[in-house]
Each structure stands twice: as C-alpha cells, then as structure tokens.
Amino acid sequence: MQEQVIFAGFGGQGVLLIGQLVTYAGMIEGAHVSWMPSYGPEMRGGTANCHVVVSSKEVSSPLVTEPTSLIALNKPSLDKFAPWVERGGLIIYNSSLVESPPERTDVRVLAVPANKVANELGDLRTANMVALGAYLATTRVVGCDTVLDAMKRVLPERRHNLIPLNRQALARGIEIASVWHSRDPGEVSGAQ
Amino acid sequence: MGEKVLMKGNEAIAEAAILAGCRHFFGYPITPQNEIPEYMSRRMPEVGGVFLQAESEVAGSNMVYGAACAGARVMTTSSSPGISLMQEAVSYMAGAELPCVLVNIVRGGPGLGGIQGSQADYFQATKGGGHGDYKLIVLAPASVQELMDLTITAFDLADMYRNPVMIMGDAILGQMMEPVIPGRREKADLPPKTWATVGAKMRPKNVITSLSLDPAKLEQHNFNLGKKYRRIADEQVRYKTYMADDAETLLVAYGTCARIAQAAIDMARERGLRVGLFRPISLWPFPYDALQQTAEESLRVLTVEMSLGQMVEDVRLAILGTKPVHFHGRTGGMTPTPREVLDEIERIVEEGI
Amino acid sequence: MKKVFGRPEALTDVPTHYCPGCTHGIIHRLIAEVIDELGVREKTIGISPVGCAVLAYDYFNCDFVEASHGRAPAVATGIKRTLPDSVVFSYQGDGDLASIGAAEIVHAATRGEKITVIFVNNAIYGMTGGQMAPTTLPGQRTTTSPRGRDVESAGYPIRVAELLSSLSGVAYISRVSATSPANVTKAKRAVRKAFETQIQGKGFSLVEFLSTCPINWGMSPLEAMKWIDEKMSVYYPLGDFTRVPEVG
Ligand SMILES: Cc1ncc(C[n+]2csc(CCOP(=O)(O)OP(=O)(O)O)c2C)c(N)n1
Ligand code: SF4
C-alpha cells in the first residue's frame with residue numbers, strides 16, 4: 001500500500017490539519033508516513049497544501065508529484081493539482097466552492113458539498129472534516145477511530161471541546177461517500 | 001527507546017540539542033527554520049537553559065563564540081543568507097578550535113533568493129565559506145529521525161575534535177513531519193574542556209585567540225589543524241547505500257535529493273534497470289574512497305542535486321575520470337521529481353553514456 | 001497638482017500583498033503623494049528592506065533597489081554619494097532598522113547622510129511570522145517571547161526616534177501614526193518635511209511610523225489601531241524630535 005495524497009485549499013480552511021491527522025493516524029496504525037506542508041511569507045491569504053504519504057514500506061520522496069488522491073477544498077487548488085493525479089486515482093473536491101467538476105475521465109471524482117454541510121452543522125470551520133470523512137470512507141487508508149484518536153494528540157488541549165463537532169462532520173462526510181459508493185461508478189463521476 | 005512521536009524536522013533538531021545537553025541557544029529569525037528558535041524560546045526556560053534572540057546572525061554567531069569559549073554546549077541555527085553573515089565567526093571558531101553546532105536549513109539563493117529548499121550552500125559548507133585554511137565537519141541528514149540523531153552526534157563530534165560541526169539540511173527537511181523516536185546520547189568519551197576561559201582559578205590563565213602574528217607559528221598552527229582534519233577524515237566518514245551492489249547506474253545524492261533519487265530508483269528497478277544509490281552523510285569529510293569502491297562495478301554515475309552542480313565536483317574527484325559522471329540538478333528552490341530523475345536515468349542508459 | 005482620490009503617479013497599479021488592516025499600504029501612499037507633490041519622482045531612488053515591505057519596488061513607480069537585511073542606509077549612502085542630486089529614501093521595518101541594521105542606521109544618521117528614512121515600527125517581525133522585534137513592548141507575546149517579553153533577559157524596546165535624535169548629523173526626526181484621519185494628515189506633513197529636509201541638503205531625516213500588524217498581533221484591524229493609540233503611543237510618544245544642536 002502506498003497512498004500519496006495532496007490536501008489543498010485556501011489558507012485557513014484547515015487542510016494542513018486534516019493532512020496531519022491522516023499522517024498521525026497512519027503512524028498510530030504502524031504505517032510509514034510523512035507530511036510536508038507548503039509555506040510562505042506571513043502576509044498572504046493565498047493557498048495552502050500538504051503532501052502526505054502513508055505507506056507499508058519506508059517513505060522515499062516526501063514530495064508528492066503523482067498523487068493517488070487529491071482533496072481540493074477550493075477552485076485554485078483543484079485547477080492546479082487535478083492534472084497531477086495519477087490515472088485511476090481519486091479526486092475529492094468541495095462542490096460548495098467549485099461549480100464544475102475537473103475535466104478528467106480517467107480518475108474517480110467525488111463532489112462533496114463540504115461548506116454546505118459544515119454550515120448545516122453550524123460551523124463552517126468543519127468543512128475540512130467533512131471532506132476528510134469522505135476521503136477516509138473512500139480509501140480506508142486509516143481508520144476513522146484512529147483519526148479521532150490522532151485529533152486528541154494533534155489539537156491543543158484547549159481545543160478539545162471541538163472534537164465532538166468534528167466527529168459529526170467526519171460522519172457526514174462518510175455518509176456522503178457511502179451514498180456515492182452504493183451507486184454505479186459510471187453514473188456518478190462528477191455527481192453533485 | 002522512547003515512543004514514536006510525529007515531529008517537524010526543525011523541531012527535531014531543537015529537541016535533539018536539548019537531549020544532547022545543549023543549554024545555550026542564540027539565533028535570529030529566518031524562514032524556513034523559525035520553528036527552531038521558537039521551540040527553543042519555549043523549551044530552554046523549562047530546562048534551565050538560555051535562549052537569546054540575537055540582534056543579527058553576526059551577533060548570534062559571536063555569542064556562540066563566547067559561550068563556546070566559556071565551555072558551553074552551544075548551538076545556533078539559520079538559513080542561507082544568515083549563514084553567510086556568520087562566516088566571520090565560523091572562521092574564528094575554527095581557528096580557535098572551539099566546539100559548537102551550526103545548522104543551515106538551506107534555501108534558494110544567491111542573495112535574498114527565496115524560501116524554498118535548496119542545496120546550493122554545499123560549497124560554502126564544505127570548501128570554506130569563511131577565510132583561511134579550515135574545515136567544518138558537515139553532516140547531511142535525509143530524514144527527521146536523522147536530523148534528530150545527527151544533531152546529537154554533532155555535539156559529541158564538536159567536543160571530541162574541538163571543531164565547529166554543521167548540520168546541513170534544507171527547507172523540505174526542516175518543514176516536513178515524520179515519526180521520530182527521540183534519540184539518546186551515548187556517553188562519548190570526551191576530553192575535559194581544560195582550555196575554556198572560565199576563570200584562572202588554581203591554574204595558569206587560559207587565552208583563546210586566533211591571532212598569530214609570527215607566520216612561522218601560524219604555519220605550525222595550520223599544520224596542526226591539518227593533522228586534525230586528516231584524523232577526522234580517517235575517522236568520521238559516513239554514508240549509506242541503497243541497491244548499489246549490482247547497480248550499473250549509480251546515483252549519488254544527499255539529503256532530500258537522496259529521498260527523491262530513491263523513489264526514482266524504485267521506479268527504474270520496476271522497469272528492470274539496475275540502478276542504485278550512494279548517499280554521502282558526511283559531506284565533509286566526503287566519502288571519496290567509499291564512493292570510488294561502490295562505483296567500481298558501475299558503468300556510470302549520476303549525481304542529483306538541488307543546485308547548479310556542487311557536490312558533483314567531489315563525485316568527479318572520487319571517480320577520477322574512470323567512468324562518466326552525469327549531473328541532474330534543479331535549483332532556486334525547485335526540487336527534482338522522481339519522474340524527472342527516472343527520465344534522466346533512462347536517457348543515459350539508452351544512449352549508453 | 002494634488003490628486004486626493006486618484007492613484008498617485010508614484011504608485012503603480014498593482015494590488016499589494018499586505019494583510020487586511022496593515023498600515024504598510026497607507027504609508028506607501030503617503031510617500032507616493034509627497035513624491036508627486038514635490039515633483040521629484042524622476043530623480044527618486046527607493047531602497048526596500050528585508051521584511052514585509054520587501055516588494056515595495058513593485059508598488060512604487062520610481063527606481064528602486066532591494067538591499068540585504070538591515071543594510072538599506074548603507075546602500076542609500078552609496079547611491080546618494082554617487083548621485084548627490086537624487087532623492088534617496090529607504091523604507092525599513094523595525095527588525096531591519098533597529099535590530100540587524102542598528103549600526104548602519106546610526107552611522108548614516110551621524111554622518112548626516114542626506115537621505116530620508118521611513119521607519120515602520122510594528123513592534124514585531126511581520127514577514128517571518130511574528131517573532132520578537134527590538135521594539136516589541138515589555139510583556140508583549142510573540143512567537144519567540146511566548147511568555148511575554150521579559151526585559152530581564154530580552155532587554156528593553158528601543159525608542160529609535162529618541163535614540164537617533166541625539167546625533168548631530170540628524171536634521172529632522174518625527175514619530176507619527178496612521179490611526180485616524182487627523183494622524184494621517186500629520187503623518188503626511190512629517191513625510192513631506194523629511195523629504196524637503198533632504199532636498200534642501202540639511203542632513204539626515206527620518207519618520208517613524210507606528211504601524212499595525214493585525215495578523216501577528218492576533219487582533220482585528222480595528223483592535224490593532226486601538227492598540228497603537230492605547231499602548232504603543234504611550235511607550236513611543238508621537239511628535240517631532242528636535243535636533244540636538246551641533247557643538248563647536
Ligand atoms: C540575513 C537575514 N537574516 C534574517 C532574514 C529573515 N528575515 C526576513 S524579514 C525579517 C524581519 C522582518 O521584520 P521587520 O523588519 O520588523 O519588518 P516587517 O516584516 O514587520 O514589516 C527577517 C528576520 C533575512 N532575510 N536575512
Ligand atoms: S504580516 Fe503584519 S506587517 Fe506584514 S503585511 Fe501582514 S499585517 Fe502587515
């Protein structure tokens with residue numbers, strides 16, 4: 001198993017965090033892992049991304065140039081990274097912020113209305129967790145419980161009160177992905 | 001052995017220094033290594049150590065000079081432009097034979113350059129950088145675990161040889177997170193610091209200086225340094241290989257580039273190409289003999305670097321014209337991709353060069 | 001010709017990269033307006049620092065040079081001594097000017113270099129992500145003073161305007177802020193006076209701006225303005241700093 005993922009979005013959407021959670025969870029489950037963030041000067045806005053590798057063998061390159069999966073929470077990230085995804089790979093994108101699906105027919109594409117669901121949960125900041133839930137359910141790269149365990153270690157103590165809400169958001173993401181999986185793959189490519 | 005923790009490379013360096021007994025840190029902010037001084041500003045007070053943000057790298061490196069004179073295990077960290085500013089102190093410390101650990105989390109240059117990872121400071125680190133006949137011990141980790149372990153080693157080597165030791169990382173290694181088992185210091189047999197300037201109590205006074213106006217004396221001092229450097233070159237060569245035994249094409253790369261090269265080698269092997277890796281860990285002393293022997297059976301060598309080609313000069317010195325030495329480099333903060341390296345491997349294999 | 005609302009000729013039509021609520025942008029604009037009003041754009045050379053304003057050369061529509069960290073006054077000196085009729089200004093943050101570049105600024109000032117320095121004091125290192133600056137207030141939390149600046153170990157903040165005003169080469173020094181329309185008006189007057197001082201060949205001139213860094217202070221833009229008025233301007237009083245007369 002060698003999962004190479006790029007999590008990408010606007011700075012502030014929490015893509016570095018969900019990447020870290022997958023990395024941490026992978027480590028807990030005994031896999032070889034690495035996490036590599038984008039970074040820039042302080043003044044920005046702009047986009048953020050991280051490269052995550054979860055593998056059954058030692059990680060060679062921590063830089064992901066041919067991802068097996070892409071989780072894109074905004075349009076610039078989808079535009080930039082969709083062409084990188086390897087054939088047969090997976091693209092999950094935030095359909096609340098991206099109108100049209102990526103123009104690729106050789107990969108699996110799952111649209112997740114992450115912002116909409118997060119708003120329904122009462123906190124837009126959980127959009128990243130909705131996408132993460134969908135990703136975990138689709139790839140099963142690490143267990144959802146392990147991710148929750150990782151959350152306790154990654155989040156500082158004072159933010160542990162957010163865990164129950166994040167758990168709900170993850171569950172909603174998982175639900176969206178399972179509905180998708182129960183359909184015929186041909187029919188749902190790019191489903192909204 | 002402790003439990004595995006997920007750590008950023010920069011934080012692993014900082015924690016390693018603490019584990020190695022370093023209680024004095026002087027530094028100045030610069031991207032992409034700010035996590036080190038930030039970590040130290042939290043951690044040093046917890047262990048009763050000193051964290052001081054210097055007004056510049058010039059000052060910070062001279063604070064290191066001072067603390068080293070006073071017998072401390074001391075470290076400073078920076079990135080390329082800051083390391084350039086430290087060269088005066090580095091030369092003085094090498095001249096005065098002071099132990100200390102310097103970390104360069106290299107970024108793209110020259111000048112202000114950029115803040116993405118690079119290996120373009122190889123010449124500066126291994127061939128001088130400052131003035132005079134001197135050598136730094138230069139170690140190049142390729143993983144977060146190695147950043148931790150080699151930083152701990154660096155403190156012992158510094159004390160063992162009374163010489164500055166540099167950890168040469170890059171922005172990718174500094175920023176990435178990997179699982180680490182916090183290292184432990186093996187108690188090395190280190191000489192007591194009888195030379196330190198701690199007050200001339202019950203002994204003749206100690207003087208630490210790099211001044212020597214009598215050229216004959218200065219020459220003798222340089223000869224002594226040279227003897228020490230030869231001893232280090234005999235004792236401290238470090239390298240690793242990967243699938244090198246049957247390699248027709250031998251890649252040579254260090255740090256992040258070695259990781260990328262390894263990915264390219266896996267791809268090449270899947271295509272049936274016999275490719276392997278020689279990874280120098282000590283950039284100085286450079287593993288000339290080991291590389292020459294490893295490459296003995298290979299048809300060709302390909303050096304991969306994040307620079308215009310710096311280490312490749314040492315690779316050529318090791319190979320001494322016995323076979324072609326090719327070079328593939330990206331620079332300015334760009335990183336070669338495994339695919340790109342594979343293409344280069346295929347090209348030179350096909351052309352039989 | 002005075003354009004109030006339009007873009008000054010000395011500014012380019014490029015959106016800046018500064019964070020919302022950052023006063024670097026306002027300060028750029030005031031300088032550009034003064035350059036326009038004095039009609040000196042074509043003989044002005046700016047020096048940008050290493051700091052958030054490193055890209056100032058993209059925003060000013062005049063010749064520009066990027067200096068290494070803290071060395072802008074030395075680079076400015078080199079330019080001015082080569083082109084005595086030019087108008088030379090450096091634009092520097094507090095880390096750039098008062099930390100790594102402390103020697104260069106003191107010596108440019110004491111030599112009475114006929115340059116203008118715009119000193120942007122935001123009490124923090126903006127570009128590198130919020131580390132302690134030489135002007136960080138006592139007790140202020142930054143990423144390298146996580147328990148608040150402890151003057152016992154990190155020393156006291158430097159009052160640059162006061163410090164430099166003791167030097168005989170200094171012809172004009174003022175400290176201003178841009179927290180209200182009235183303060184902006186005063187600030188612009190100070191910038192103009194500083195440039196005029198240079199053009200009249202009187203000596204070294206410097207305007208210190210108390211400036212915001214909402215992102216690294218962890219404040220909203222509004223709170224940041226308030227913090228300048230309520231905290232910074234207490235430690236760093238606004239106003240002109242009279243030059244100490246030449247002795248002998
Ligand atoms: C020699 C050197 N040391 C350190 C740095 C990293 N660095 C870039 S900007 C900066 C300080 C920025 O702070 P300030 O001057 O206060 O300006 P601001 O960003 O707050 O406007 C530092 C330390 C560098 N580029 N070069
Ligand atoms: S980091 Fe601070 S100084 Fe820099 S642009 Fe943002 S608000 Fe302004």
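What counts, and where the lines are drawn
Residues numbered from 1 in each chain as written. Chains lettered and ligands numbered in written order. Predicted model: local features only at pLDDT ≥ 70, side-chain atom pairs only at ≥ 80, totals over all residues. Heavy atoms only, no water. Helix = DSSP H or I, 4+ residues; strand = E, 2+ residues; numbered from the N terminus. Rg over C-alpha atoms; globule rule 2.2 N^0.38 Å. Contact = heavy atoms within 4.5 Å. Areas by Shrake-Rupley, 256 points an atom, 1.4 Å probe, with all protein chains shown as cover. Buried area = accessible area lost by both parts, 1.4 Å probe. Salt bridge = Lys/Arg side-chain N within 4 Å of Asp/Glu carboxyl O. 1 Å grid on protein atoms, 1.4 Å probe; cavity = no way out; pocket = protein on both sides within 12 Å on 5 of 7 lines; lining within 4 Å. Points joined across faces, edges and corners; volume = space filled by probe spheres on them. Near = heavy atom within 4 Å. Polar contact = N/O pair within 3.5 Å; in protein donor to acceptor, adjacent residues only side chain to side chain. Nonpolar A, V, L, I, M, F, W, Y, C, P; charged D, E, K, R; others polar. Buried < 20%, exposed > 50% of the residue type's maximum accessible area, 1.4 Å probe, protein only. Core = buried A, V, L, I, M, F, W, Y, C linked by side-chain atoms within 4.5 Å. Domains from an automatic or database assignment. Axes fitted to C-alpha atoms, helices over the stretch in contact; angles between N-to-C directions. Parallel < 35°, antiparallel > 145°, perpendicular 65-115°, else oblique. Left-handed = near helix turned anticlockwise from the far one by under 90°. Pairing = 2+ DSSP bridges. Right-handed = clockwise from strand over helix to strand, strands pointing away.

1. Topic: the overall build of chain A
Scanning chain A from N- to C-terminus turns up seven helices and six strands. In chain A, the succession of helices and strands from N to C terminus is β-α-β-β-β-α-β-β-α-α-α-α-α. A globule of 192 residues ought to have a C-alpha radius of gyration of about 16 Å, and chain A, at 15 Å, matches this closely. Referenced to the eigenvectors of the C-alpha coordinate spread, the extents of chain A come out at roughly 45 × 40 × 40 Å. For chain A, restricting intrachain contacts to residue pairs at least 6 apart in sequence, the fraction spanning at least 24 positions comes to 57%. Total accessible area on chain A is roughly 8,100 Å²; 50% of this is exposed by carbon and sulfur atoms.

2. Side note on the interface of chain B and chain A
Facing 27 residues of chain B, the contacting portion of chain A comprises 22 residues. A combined buried area of about 1,900 Å² lies between chain B and chain A, and 64% of that area is made up of carbon and sulfur atoms. If you sort the residues of chain B by the area they bury against chain A, Leu6(B), Met177(B) and Arg259(B) come out on top, with a joint share of 28%. Where chain B meets chain A, there are two salt bridges. Residue Arg339(B) is joined to Glu66(A) by a salt bridge in which the shortest nitrogen-to-oxygen separation is 2.6 Å.

3. Here's the deal with empty space enclosed by the protein
To locate leftover empty space, one rolls a probe as large as a water molecule over the atoms. Residues and elements named next belong to chain C. Taken as a whole and assessed by the stated rule, the structure comprises two cavities of 30 Å³ or more. If you add up the space inside the largest cavity, you get close to 80 Å³. What lines the largest cavity is a set of 13 residues, among which Cys19, Cys22, His24, Cys52 and Cys213 lie closest to the centre. Here the lining of the largest cavity takes three residues from helix H9 (residues 214-217), the largest share from any one element. In this structure, the second largest cavity encloses a volume near 30 Å³.

4. Description of the pattern of salt bridges
Residue and element names in this part refer to chain C. Under the criterion given, the structure shown has 40 salt bridges over all chains. The salt bridge partner of Arg29 is Glu33, with a shortest N-O separation of 3.0 Å. Here Arg29 pairs with Glu33, and both are found in helix H1 (residues 24-38), just four residues apart, close to one helical turn. One salt-bridge network, held together by shared partners, links Arg29, Glu33, Glu37, Lys188, Arg192 and Glu196.

5. Focus: the site of ligand 1
Around ligand 1 sit 21 residues in total, of which Glu57(B), Cys52(C), Asp94(C), Asp96(C) and Gly126(C) are the nearest. Near ligand 1, the surrounding residues are drawn from chains B and C. Between ligand 1 and Glu57(B), the relevant distance is 2.5 Å, taken from a nitrogen atom to a side-chain nitrogen or oxygen of the residue. At a separation of 3.2 Å, an oxygen atom of ligand 1 approaches a polar backbone atom of Ile124(C). Out of a free accessible area of 590 Å², ligand 1 has 97% covered by protein chains. Grouping the constituent residues of the shell around ligand 1 by class yields 10 nonpolar, eight polar and three charged.

6. Overview of the side chain of Asn166(A)
All names here are of chain A. With respect to the helices, strands and loops of the structure, Asn166 is situated in helix H6 (residues 163-181). Given the relative accessible area of 8%, Asn166 is considered buried. Beyond its immediate sequence surroundings of up to four residues, Asn166 is in contact with Thr126, Met129, Met151 and Leu155.

7. Focus: the nonpolar core
Ranked by internal contacts, the top residues of the largest apolar core, which has 115 residues, are Met40(B), Met75(B), Leu98(B), Leu251(B), Leu291(B) and Val315(B). Sorting elements by how many residues they give to this core places helix H7 (residues 144-161) of chain B first, with 10 residues. Two domains each donate at least three residues to this core, and these are domain 1 (5-235) and domain 2 (240-350) of chain B. Counting 51 residues, the second-largest nonpolar core is a separate cluster that includes Val22(A), Cys50(A), Met129(A) and Leu6(B).

8. Points about the packing of helix H1 (residues 9-19) of chain B against H7(B)
Residues and elements named next belong to chain B. Running from N to C, H1 and H7 cross one another at 30°; their axes reach a closest spacing of 8 Å. As the angle between them shows, H1 and H7 are arranged roughly parallel. Pair H1 / H7 crosses with right-handed handedness. Side by side, H1 and H7 meet where Gly9, Ala12, Ile13, Glu15, Ala16, Ala17 and Leu19 of the first sit next to Val144, Leu147, Met148, Thr151, Ile152 and Phe155 of the second.

9. Concerning the sheet that holds strand S10 (residues 249-252) of chain B
Residue and element names in this part refer to chain B. One open sheet holds the five strands; their spatial order is S9-S11-S10-S13-S14, and the pairing between them is mixed. In this open sheet, the two strands that pair with only one neighbour each are strand S9 (239-242) and strand S14 (325-329). Across this sheet, the average inter-strand angle for adjacent strands is 20°, counted without regard to direction. Packed on one face of the sheet, helix H12 (residues 311-319) meets S10, strand S11 (275-280), strand S13 (300-305) and S14 and runs near 160° to S13. Relative to S13, helix H13 (residues 338-350) is tilted by about 160°, and along the sheet it contacts S10, S11, S13 and S14.

10. Notes on the pairing of strand S7 (residues 164-170) of chain B
Residues and elements named next belong to chain B. Counting buried positions along S7 yields seven of seven residues, so the element is predominantly enclosed. Because side chains alternate across S7, one face comprises the buried residues Pro164, Met166, Met168 and Asp170, and the other comprises Val165, Ile167 and Gly169, equally buried. Across seven bridges, the pairing between strand S5 (residues 100-106) and S7 is parallel. Residue pairing across strands places Cys100 opposite Pro164, the latter belonging to S7. Here three bridges tie strand S6 (residues 137-139) to S7, and the two strands are oriented parallel to one another. Bridge assignment links Leu139 to a residue of S7, and that residue is Ile167. For the segment spanning S6, H7 and S7, crossover handedness is right-handed.

11. What about the domain arrangement of chain B?
Residues and elements named next belong to chain B. Considered domain by domain, chain B is made up of domain 1 (5-235) and domain 2 (240-350). Between the C-alpha centres of domain 1 and domain 2 there is a distance of 28 Å. On the domain 2 side, the residues contacting the 31 residues of domain 1 number 27 residues. Carbon and sulfur atoms supply 55% of the area buried between domain 1 and domain 2, which totals about 2,300 Å² over both sides. Linking domain 1 with domain 2 are four salt bridges, by the criterion used here. Where domain 1 packs against domain 2, one counts 14 residue pairs in polar contact (both at pLDDT 80 or more).

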